[in-house]
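What the coordinates show
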Amino acid sequence: MSVQIQKAAQGRIAQTITARTHSLLADEPLNIGDDLAMTPHELLDAALGACTALTLRLYAKHKGWDLQEVSVTLQHASSAKGHTMTRQIVLVGELDATQRARLLDVAHKCPVHKALSNPITIDTHLIAPP
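Since the structure is predicted, the reported quantities are computational estimates derived from the model, not experimental observations.

For the rest of this paragraph, the subject is a nonpolar patch on the surface. Taken together, the side chains of Leu 44, Leu 116, Ile 120 and Ile 122 make up a nonpolar region of the molecular surface, amounting to roughly 370 Å² of accessible area. Its location among the elements puts Leu 116 in helix α3 (residues 111-117).

Structure (structure tokens):
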């Protein structure tokens, strides 16, 4: 899978992000950019939140549990010690305490959570333009 990022047609620094046949924008708030879209950190938070909700829905469906709705809220803070992502999950449905505890455990196993919780190697190369 490949994701491409290029300067967007609008905005001073906005970027168009393309993956497969889908695209969206990323930008920065008005003090830096034009506030046309979510910031890269908000997109990172969105990736974790979406992955969490999708994983919980799929798991509950597989188990036949009455999970009617999942809502995930994320906050992201940076400090000299690193980054802290705070995730709040609301589960709506007829779920007992054991099911809720299991879903919390499953939330920690979504693919994006796993990627962000382990060391990440970023291998960067400069290539000549086409």
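To continue, consider unusual backbone geometry. Unusually for a residue other than glycine, Arg 20 sits at a positive phi of about 55 degrees. Structurally, Arg 20 can be placed in the loop between β2 (15-19) and β3 (22-26). Classification of Arg 20 as exposed rests on a relative accessible area of 65%.

Ordered in space as β1-β2-β3, the 3 strands form an open sheet in which the pairing is antiparallel. The open sheet has two edge strands with one neighbour each: β1 (3-7) and β3. Here the average twist between neighbouring strands, direction ignored, is 25 degrees. Two strands pair when backbone bridges link them, and β1 and β2 are joined in this way by 5 bridges, in the antiparallel orientation. Residue Gln 6 lies in a different strand from β2, and its bridge partner there is Thr 16.

Time to look at the nonpolar core. Ranked by size, the top nonpolar core spans 11 residues in total: Ala 53, Leu 56, Tyr 59, Ala 60, Leu 67, Val 70, Leu 91, Leu 95, Leu 103, Val 106 and Ala 107. Elements represented by at least two residues in this core include exactly α1 (40-63), β4 (66-79) and α2 (97-107). Looking at which element gives the most residues to this core, the answer is α1, with 4 residues. Not counting residues within four places of it along the chain, the set of residues in contact with Leu 103 comprises Leu 56, Tyr 59, Ala 60, Trp 65, Leu 91 and Leu 95.

Here we take up the pairing of strand β5 (residues 82-94). Alignment of β4 against β5, held across 13 bridges, turns out to be antiparallel. Across the sheet, Ser 79 pairs through a bridge with Gly 82, a residue of β5.

Taken as a whole, this structure holds 0 disulfides when the rule is applied. Unpaired in this structure, Cys 51 has its nearest cysteine sulfur neighbour in Cys 110, at a distance of 3.3 Å. Take Cys 51: its relative accessible area is 12%, and that puts it in the buried class.

Along the chain, the position of Asp 27 falls in the loop between β3 and α1. The side chain of Asp 27 is buried and forms no salt bridge, while Arg 12, the nearest opposite charge, is found at 6.9 Å. Non-local contacts of Asp 27, meaning those with residues more than four positions away in its chain, are made with Ile 13, Ala 14, Gly 33, Asp 34, Asp 35, Leu 36, Ala 37, Met 38, Thr 39 and Pro 40.

Turning next to the packing of aromatic side chains. The final tally for this structure, using the stated rule, is 1 aromatic pair. Where Tyr 59 meets Trp 65, the ring centres are 5.7 Å apart and the plane angle is 75 degrees; that geometry is what we call edge-to-face. Since its relative accessible area comes to 18%, Tyr 59 is described here as buried.

Pairing of β2 with β3, which is carried by 5 bridges, proceeds in the antiparallel orientation. Opposite Gln 15, over in β3, you have Ala 26 as the bridge partner. Turn length for the β2-β3 hairpin, with the two strands adjacent in sequence and antiparallel, is 2 residues, and the turn residue Arg 20 shows positive phi of about 55 degrees.

Parameters at a glance
- Residues numbered from 1 in each chain as written.
- Predicted model: local features only at pLDDT ≥ 70, side-chain atom pairs only at ≥ 80, totals over all residues.
- Heavy atoms only, no water.
- Patch = residues over 30% accessible without salt bridge, like charges linked within 9 Å, V, L, I, M, F, W, Y side chains within 5 Å.
- Areas by Shrake-Rupley, 256 points an atom, 1.4 Å probe, with all protein chains shown as cover.
- Salt bridge = Lys/Arg side-chain N within 4 Å of Asp/Glu carboxyl O.
- Helix = DSSP H or I, 4+ residues; strand = E, 2+ residues; numbered from the N terminus.
- Buried < 20%, exposed > 50% of the residue type's maximum accessible area, 1.4 Å probe, protein only.
- Pairing = 2+ DSSP bridges.
- Axes fitted to C-alpha atoms, helices over the stretch in contact; angles between N-to-C directions.
- Core = buried A, V, L, I, M, F, W, Y, C linked by side-chain atoms within 4.5 Å.
- Contact = heavy atoms within 4.5 Å.
- Disulfide = S-S within 2.5 Å.
- Lys, Arg positive; Asp, Glu negative; His and termini not counted.
- Phe/Tyr/Trp six-rings, centres within 6.5 Å; stacked < 30°, edge-to-face > 60°.

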